[in-house]
Amino acid sequence: MTTGKFYGIGVGPGDPELITLKAIRVLEHCNVIAAPRTRGGGMRALDIAGQAVSLQDKTILPLSFAMSSDRALLREQYQRNAELIRAYLEKGEDTAMICIGDVSVFSTVCQIADVLKEMGCQTCLVPGISSYSAIAARMGISLTEGSRPFHVLPVSDVDLEQALSLEGTKVLMKAGSKMPAVLDLLKERDLMSVSSLAVSCGCPDEKIMERLDKESDLSPEDSYMSTVIVRDRNL
């Protein structure tokens with residue numbers, strides 16, 4: 001058993017005031033902070049955490065993940081990054097890995113935690129506020145009520161036409177380059193009046209479009225931080 005403990009922490013969608021008290025406490029405690037790094041070298045989760053916790057004396061461990069659906073390649077990446085973290089755990093250093101939003105929603109944190117558990121490491125997950133929860137609050141809308149269903153769907157990996165036929169509210173994430181196709185299908189299905197688009201909710205570059213049918217200049221957003229909410233007509 002290693003002596004250091006691994007913490008997976010969700011830092012919320014972007015607004016540092018939405019980071020939980022527990023996440024702040026754990027981040028202040030851990031001397032090593034691991035953060036996913038984009039191909040351009042940015043670390044957005046770290047930027048968010050740094051607005052709530054001083055990182056001045058922390059060791060920052062950048063982690064690289066290629067965007068891929070190849071399970072074998074993904075497993076190799078999880079193994080490689082878990083080994084980088086384990087090196088600190090074996091020295092008795094409690095280490096936190098941070099991610100945008102919540103650790104259990106489209107995050108690599110759970111996969112890294114699973115690999116570390118297989119290695120015999122102690123792990124703990126700290127939840128964060130999801131982007132779609134923050135977006136709904138920002139717009140003052142309900143995502144679901146009573147017994148109405150609610151779906152969170154990755155656009156890149158689902159049949160979009162079938163997804164839009166589901167009963168209840170649909171949250172469409174990870175659209176990326178498929179955003180133009182998403183918007184075209186929403187128009188075709190006459191869903192623009194109940195659809196919203198949010199980009200970087202809670203960040204300085206936030207962009208919120210509450211009703212897409214009211215947008216006179218709708219430019220498709222292919223950002224990783226883009227989320228479409230198709231509201232339940234029955235709410």
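Residues numbered from 1 in each chain as written. Predicted model: local features only at pLDDT ≥ 70, side-chain atom pairs only at ≥ 80, totals over all residues. Heavy atoms only, no water.

Novice: Explain the environment of Val228 here, please?
Specialist: Tracing the backbone through its elements, the reader meets Val228 in strand S10 (residues 226-230). Remark: the alpha-carbon pair of Val228 and Glu210, spanning 18 residues in sequence, is separated by 9.9 Å. Aside from chain neighbours lying at most four places away, what touches Val228 is Lys170, Val171, Leu172, Met179, Val182, Leu186, Ser196 and Leu197. (Helix = DSSP H or I, 4+ residues; strand = E, 2+ residues; numbered from the N terminus. Contact = heavy atoms within 4.5 Å.)

Novice: Help me understand the side chain of Gln77, please; the structure alone is not making it clear to me.
Specialist: Here Gln77 lies in helix H3 (residues 71-89). Beyond its immediate chain neighbours, meaning those up to four positions away, Gln77 contacts Ser64, Phe65 and Ala66.

Novice: What should I look at first to understand the pattern of salt bridges in this one?
Specialist: Pairing of side chains with opposite charge becomes possible as their charged atoms draw close. For the structure shown, the criterion picks out nine salt bridges. Arg44 is the salt-bridge partner of Asp205, the closest N and O atoms lying 3.0 Å from each other. Separated by 161 residues along the polypeptide, Asp205 in the loop between strand S8 (195-199) and strand S9 (207-209) and Arg44 in helix H2 (residues 44-49) bring together distant segments of the chain. Asp205 gets classed as partly exposed once you look at its relative accessible area, which sits at 45%. Its relative accessible area of 28% is what places Arg44 among the partly exposed residues. Across the salt bridge formed by Lys117 and Asp114, the nearest N and O atoms sit 3.5 Å from each other. Placement of both Lys117 and Asp114 in helix H4 (residues 109-118) is noted, with a separation of three residues, approximately one turn of the helix. Using a relative accessible area of 47% as the deciding quantity, one classes Lys117 as partly exposed. The network of salt bridges with common partners includes Arg148, Glu167 and Asp232. (Salt bridge = Lys/Arg side-chain N within 4 Å of Asp/Glu carboxyl O. Buried < 20%, exposed > 50% of the residue type's maximum accessible area, 1.4 Å probe, protein only.)

These values are about where atoms sit, not about what they do.
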